[in-house]
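Take a look at the letters that make up each chain.
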Amino acid sequence: MAAQNDADPADGDREALLARIAANVRRLRADRGWTQADAARHCADMAAPYLQLIERGGVNLTAGTLARLARGFGVDASELVAPAEPMPPRKPGRPPREE
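Residues numbered from 1 in each chain as written. Predicted model: local features only at pLDDT ≥ 70, side-chain atom pairs only at ≥ 80, totals over all residues. Heavy atoms only, no water.

Student: Just to check I follow, could you spell out the overall build of the protein chain for this structure?
Tutor: If you tally the helices and strands in the protein chain, you get five helices and zero strands. Burial status across the protein chain gives 28% buried among its 99 residues. In the protein chain, 64% of the contacts between residues at least 6 apart in sequence involve partners at least 24 apart. Per element, the accessible surface of the protein chain, about 7100 Å² overall, is 52% carbon and sulfur. (Helix = DSSP H or I, 4+ residues; strand = E, 2+ residues; numbered from the N terminus. Buried < 20%, exposed > 50% of the residue type's maximum accessible area, 1.4 Å probe, protein only. Contact = heavy atoms within 4.5 Å. Areas by Shrake-Rupley, 256 points an atom, 1.4 Å probe, with all protein chains shown as cover.)

Student: Quick question: what am I supposed to make of the pattern of salt bridges here?
Tutor: Where charged atoms from two side chains of opposite charge approach closely, those side chains can pair. Applying the stated rule across the entire model yields four salt bridges. Between Arg27 and Glu79 there is a salt bridge, with the nearest N and O atoms lying 3.7 Å from each other. Of the two residues, Arg27 is situated in helix 1 (residues 9-32) and Glu79 in helix 5 (residues 77-81); the sequence distance between them amounts to 52 residues. Residue class for Arg27 comes out partly exposed when judged on its relative accessible area of 27%. (Salt bridge = Lys/Arg side-chain N within 4 Å of Asp/Glu carboxyl O.)

Student: Even after reading the chapter, I still don't get the packing of aromatic side chains, so can you show me in this structure?
Tutor: The description of two aromatic rings rests on the distance between their centres and on the angle between their planes. Tallied over the full model, the rule gives one aromatic pair. Where Trp34 meets Phe73, the ring centres are 5.4 Å apart and the plane angle is 25°; that geometry is what we call stacked. With a gap of 39 residues between them, Trp34 in the loop between helix 1 and helix 2 (36-42) and Phe73 in helix 4 (residues 63-73) connect regions that are remote in the sequence. Overall, Trp34 belongs to the buried group, its relative accessible area being 17%. Phe73 sits in the buried class, given a relative accessible area of 3%. In this structure, Arg32 is placed above the aromatic ring of Trp34, and the distance from its NZ or CZ to the ring centre is 5.8 Å. (Phe/Tyr/Trp six-rings, centres within 6.5 Å; stacked < 30°, edge-to-face > 60°. Lys NZ or Arg CZ within 6 Å of the ring centre and 35° of its normal.)

Student: Looking at this structure, how should I read helix 4?
Tutor: The α-helix winds at 3.6 residues per turn, so residues separated by three or four positions along the chain end up facing the same way. Those residues of helix 4 that fall on the buried side of the exposure criterion are Thr65, Leu66, Leu69, Ala70, Gly72 and Phe73. Relative to the axis of helix 4, the buried residues are bounded by an arc of 165° and lie together on one face. Of the exposed residues in helix 4, those oriented more than 90 degrees away from the buried face are Ala63 and Arg71. Looking one or two places after helix 4, you find Gly74, whose phi comes out positive at around 70°. (Arc of directions from axis to C-beta.)

Student: In this structure, what is going on with the nonpolar core? I would like to understand it.
Tutor: The nonpolar side chains of a soluble globular protein tend to be buried with one another. Formed by 19 residues in total, the largest nonpolar core has its most connected members in Val25, Ile54, Leu61, Leu69, Phe73 and Leu80. At the level of elements, helix 1, helix 2, helix 3 (48-55) and helix 4 are the ones that each hand at least two residues to this core. The contacts of Leu61, once residues within four sequence positions are left out, are Leu18, Ile21, Tyr50, Ile54, Leu66 and Leu69. (Core = buried A, V, L, I, M, F, W, Y, C linked by side-chain atoms within 4.5 Å.)

What follows is the structure, encoded as structure tokens:
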């Protein structure tokens, strides 16, 4: 029996969904003027590095995490998975401090 080398077609669907969630989380955070640390605190004290991973689409979310995000942003979970326009690329480095 030959081993199958083909990628699972569901992987593309999963990555597309994670990209939509990432774009929506980033958009909602930007709309509120929150830093990632601010947003993490609003989302039931989620760790800021974990929120960063979510915004990059680099983590496979659980339903519980999706619920925490929705509650923290004050939206229905369906808004987090809705089709989204990709966010423009961020400039490297930290944004300048506001005086």
